[in-house]
Amino acid sequence: MFAGLSALLFVLAVGLTLPGEALVVRKTAAPVTLPFARRLNFTGAASLLQLDQARAQTLKAHAAATGKFTKAPIINVPATNQAVDHVATVGVGSPPTFFQLLIDTGSSNTWVGAGQPFVETSTTFPTGDLVEVVYGSGFVIGQQFIDQVTLADGLVIQNQSIGAALEDQGFDGVDGIIGIGPVDLTCGTLFPDEDACIPTVTDNAFAQGLIDAHQIGISFEPTDSFEITNGELTFGGVDPTKFTGELSFVPITSTLPAAQFVGIDQTVTYGSAGTLILPTGAGITDTGTTLLLLATDALTTYQDMTGAVFDNNVGLLRLTPEQFSSLESLFFHIGDTTFEFTPNAQIWPRALNTAIGGSPDFVYLIVNDLGMPSGSGFDFVDGMTFLERFYYVFDVANSQVGFATTEFTFATSN
């Protein structure tokens with residue numbers, strides 16, 4: 001995919017200059033909230049499942065790779081864009097140019113220029129590096145700059161490393177990505193500085209004293225609209241108004257490869273009988289994945305329990321309305337806490353069935369096949385359709401993940 005760009009990238013890398021170092025002064029500040037929106041963005045040919053499975057395969061392969069420039073894994077799917085976007089408005093430069101960026105805990109580079117072009121201003125400094133990141137449904141190669149980044153009023157980050165796309169694929173309708181995952185995911189994405197890691201926006205906001213706590217709270221509510229702003233990122237703490245239960249924290253899993261992401265250990269059971277769906281294993285939480293993906297053997301058990309059949313036209317499991325009336329809750333046992341994932345939470349919003357090529361006569365499930373067996377250290381992906389039923393915290397400082405129930409945990413909006 002990248003062979004034709006090699007000469008161009010080498011020339012650019014040689015010709016760029018390096019910035020000076022900036023003095024960072026630590027101070028204290030309150031948490032800052034950045035609203036974001038969910039949008040349906042179906043201009044590609046791939047289904048939700050194809051995109052999510054390709055992303056999961058890419059993430060797992062990335063964790064096993066050396067991480068050096070031009071060695072990132074490529075998983076191809078027949079798509080030109082993300083199918084469901086979770087997008088925030090982020091400013092770069094002074095005066096800022098505002099970009100619509102995908103929110104991603106499964107990666108940590110922040111870059112722009114897929115749609116609206118990057119604009120250099122007085123705060124822009126070239127680093128002399130190029131950046132390459134490969135995702136499940138696309139890639140980006142670009143120049144790496146140091147610049148000012150505006151996340152919200154009161155949260156303006158100085159000297160943030162940011163990519164400006166030269167070539168990209170898979171990001172029609174958005175301008176790039178704001179990566180808020182672990183910083184180690186940035187290591188090996190630069191050239192020629194292949195051994196460098198890039199502080200994330202969260203890292204720099206904390207280091208510069210713009211936020212008190214080195215953590216991010218994420219709130220998002222279910223919706224049956226094509227586009228609506230009803231989510232928020234809270235940098236530097238949590239928003240207690242967004243959750244109803246106690247926050248329960250668990251450490252980032254120690255099992256590889258999930259340990260390299262915002263990974264956790266969990267067990268999944270089904271129904272009042274407590275039928276085991278997925279034995280205790282490691283997987284990841286990921287805002288860049290739409291569906292709830294379970295290892296193939298676990299998905300087979302779930303399918304047997306529910307009677308669901310695979311719909312080849314839509315790419316999701318489906319139920320009849322009569323079968324849905326008998327669907328029981330899934331239970332996620334995470335640490336010492338059990339979280340109920342209700343029948344309504346397990347289904348695609350019925351008002352949006354036709355948006356995914358479905359029929360109003362069926363009920364489609366958002367639980368689907370990871371495409372890998374359990375026991376690999378990457379047994380599940382708790383995507384946004386799972387996370388939107390809970391309050392979700394990535395506590396970077398303490399390497400832990402938190403969950404709490406919200407007013408939408410038991411909602412019947414789907």
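The structure we're discussing is the one just above.
This text gives an overview of the structure that appears in the document. (Residues numbered from 1 in each chain as written. Predicted model: local features only at pLDDT ≥ 70, side-chain atom pairs only at ≥ 80, totals over all residues. Heavy atoms only, no water.)

### Concerning the packing of aromatic side chains
In step 1: Within this structure, the stated rule accounts for 15 aromatic pairs.
In step 2: Between the aromatic rings of Phe341 and Phe386, the centroid separation amounts to 5.4 Å while the plane-to-plane angle is 45°, which identifies the pairing as tilted. Residue Phe341 is found in strand E19 (residues 337–341), and its partner Phe386 is found in helix H6 (residues 384–387); the two are separated by 45 residues along the sequence. The residues Phe341 and Phe386 share a single accessibility class, namely buried.
In step 3: Three or more aromatic residues joined by ring pairs make a cluster, and in this case those are Phe332, Phe339, Phe341, Phe386, Phe390, Tyr392 and Phe403.
In step 4: The aromatic ring of Phe362 is capped on one face by Arg318, whose charged end is 4.1 Å from the ring centroid. (Phe/Tyr/Trp six-rings, centres within 6.5 Å; stacked < 30°, edge-to-face > 60°. Helix = DSSP H or I, 4+ residues; strand = E, 2+ residues; numbered from the N terminus. Buried < 20%, exposed > 50% of the residue type's maximum accessible area, 1.4 Å probe, protein only. Lys NZ or Arg CZ within 6 Å of the ring centre and 35° of its normal.)

### Observations concerning the state of the cysteines
In step 1: On inspection of all chains with the given rule, the structure shows 1 disulfide.
In step 2: Across the disulfide, Cys187 is cross-linked to Cys197 (sulfur-sulfur distance 1.8 Å). Of note, the bridge from Cys187 to Cys197 carries an S-S torsion of about 105° and is right-handed in sense. Of this pair, Cys187 sits in the loop between strand E8 (176–179) and strand E9 (190–191) while Cys197 sits in the loop between E9 and helix H3 (201–207), and the two are 10 residues apart along the sequence. (Disulfide = S-S within 2.5 Å.)

### Considerations on helix H2 (residues 48–64)
In step 1: Across its 17 residues, H2 extends 25 Å between first and last C-alpha, which sits within 8% of the 24 Å expected from 1.5 Å per residue.
In step 2: Taken residue by residue, H2 has Leu48, Leu49, Leu51, Asp52, Gln53, Ala54, Arg55, Ala56, Thr58, Leu59 and Ala63 as its buried positions. (Expected span 1.5 Å × (residues − 1).)

### Concerning the sheet that holds strand E17 (residues 316–319)
In step 1: Strand order in this open sheet of 3 strands is E16-E17-E20, and the pairing throughout is antiparallel. This sheet does not close on itself; its edge strands, each paired only once, are strand E16 (309–311) and strand E20 (363–364).
In step 2: When E17 meets E20, the two strands line up antiparallel, connected through 2 bridges. Residue pairing for E20: Leu319 is matched across the bridge by Val363. (Pairing = 2+ DSSP bridges.)

### Some thoughts on the pattern of salt bridges
In step 1: For the structure on display, the rule yields 3 salt bridges.
In step 2: A salt bridge links Asp286 to Arg55, with the shortest nitrogen-to-oxygen separation between them at 2.6 Å. With Asp286 in the loop between strand E14 (275–285) and strand E15 (292–294) and Arg55 in helix H2, the pair connects residues that are 231 residues apart, well separated along the chain. Here Asp286 matches Arg55 in class, with each residue buried.
In step 3: Between Arg318 and Asp311 there is a salt bridge, and its shortest N-O distance comes to 2.9 Å.
In step 4: By relative accessible area, Arg318 is classed as partly exposed at 24%.
In step 5: Put simply, Arg55, Asp104 and Asp286 are held in one network by salt bridges that share partners. (Salt bridge = Lys/Arg side-chain N within 4 Å of Asp/Glu carboxyl O.)

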